Amino acid sequence: MLSLVFATVGFCGFVPGIVGLVLGQKELNAIEAGKAPGAGRDPALIARNLGWFHAVMFFLLLLGLYTHL
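The residue numbering used here restarts from 1 in each chain and proceeds along that chain's sequence as written. The model is predicted, so local features are restricted to residues of pLDDT at least 70 and side-chain atom pairs to those at 80 or more, both for listing and for counting; the totals for chains, interfaces and linings are taken over all residues. Heavy atoms throughout the structure, all of them, feed into the side-chain values; hydrogens and water do not.

Looking now at the overall build of the protein chain. A tally of helices and strands in the protein chain yields three helices and zero strands. Shown N-terminal to C-terminal, the secondary structure of the protein chain runs as helices and strands in the order α-α-α. Across its three principal directions, the C-alpha atoms of the protein chain cover 50 × 20 × 15 Å. When accessible area is computed with a 1.4 Å probe and restricted to protein chains, residues below 20% of their type maximum are described as buried, those above 50% as exposed, and intermediate ones as partly exposed. Among the 69 residues that make up the protein chain, the fraction classed as buried is 25%. Should any heavy atoms of two residues lie within 4.5 Å, those residues are considered in contact. Expressed as a percentage of contacts within the protein chain between residues at least 6 apart in sequence, the contacts between residues at least 24 apart total 49%. Only the protein chains shown count as cover for residues, and the accessible areas themselves come from Shrake-Rupley with a 1.4 Å probe. Total accessible area computed for the protein chain in this model is approximately 4,700 Å², and 74% of it derives from carbon and sulfur atoms. Numbering goes from the N terminus for both helices and strands, where a helix is a DSSP run of H or I of at least four residues and a strand is a run of E of at least two.

Further remarks concern a nonpolar patch on the surface. For patches, a residue must show more than 30% relative accessible area and have no salt bridge; joins then use 9 Å for like charges and 5 Å for nonpolar side chains, namely Val, Leu, Ile, Met, Phe, Trp and Tyr. By definition here, a salt bridge exists when the distance from a side-chain nitrogen of Lys or Arg to a carboxyl oxygen of Asp or Glu is within 4 Å. A contiguous nonpolar patch, built from W52, F53, V56, M57, F59, L60 and L63 and spanning about 670 Å² of accessible area, is present on the exposed surface. By the element assignment, V56 lies in helix α3 (residues 41-67). You can call V56 partly exposed: its relative accessible area is 40%.

Here the focus is the packing of helix α1 (residues 2-9) against helix α2 (residues 14-32). Look at α1 against α2: their axes get within 6 Å of each other, and the N-to-C directions meet at 155°. Comparing the axis directions of α1 and α2 gives the class roughly antiparallel. For the crossing formed where α1 meets α2, the hand is left-handed. For the pair α1 and α2, the contacting residues are L2, S3, F6, A7 and V9 in the first and P16, G17, V19, G20, L23 and G24 in the second. A fitted line through C-alpha atoms serves as each axis, taken over the contacting stretch for helices, and the angle formed by two N-to-C directions is quoted from 0 to 180°. Throughout this description, any angle smaller than 35 degrees is read as roughly parallel, any larger than 145 degrees as roughly antiparallel, any in the 65 to 115 degree range as roughly perpendicular, and the remainder as oblique. Each crossing gets its handedness from the near helix: less than a right angle anticlockwise from the far helix is left-handed, clockwise is right-handed.

Attention now moves to the environment of P37. If you trace the backbone, P37 turns up in the loop between α2 and α3. Between the C-alpha atom of P37 and that of S3, which follows or precedes it by 34 residues, the distance is 15 Å.

If you want to describe how two helices pack, look at the angle between their axes and the distance between the axes. It is at 7 Å that the axes of α2 and α3 come closest, and there the two elements cross at 145°. The crossing of α2 and α3 is left-handed. Judged by residue contacts, F14, G17, I18, G20, L21, G24, Q25, E27, L28, I31 and E32 of α2 engage R41, A44, L45, A47, R48, G51, W52, H54, A55, M57, F58 and L61 from α3. The class makeup of the residues in the contact of α2 with α3 is 13 nonpolar, six polar and four charged. For this classification, Asp, Glu, Lys and Arg are treated as charged, while Ala, Val, Leu, Ile, Met, Phe, Trp, Tyr, Cys and Pro are nonpolar and the rest, including Gly, are polar.

For α3, spanning 27 residues, the distance from its first C-alpha to its last is 39 Å, which sits close to the expected 39 Å at 1.5 Å a residue. If you check which residues of α3 are buried, you get P43, A44, A47, G51, H54 and A55. Considering only its buried residues, α3 is in contact with α1 and α2. Multiply 1.5 Å by the residue count of a helix minus one, and that product is the helix's expected span.

Following this line, the structure appears as structure tokens:
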């Protein structure tokens, strides 16, 4: 759930979204390894996907700023 919170708060800035990506992926890895309950799979997937969205948007922002210099 913490990863989902970070990914959602990422709409206020890119860093929380990227933290959500990392935490979501760690949770998915723990679920696959049997170290975490499977009930957290959906929030972890959403957090990871939102995190990727924020990472791509941040990259596009940097690319846009770079091309305008």
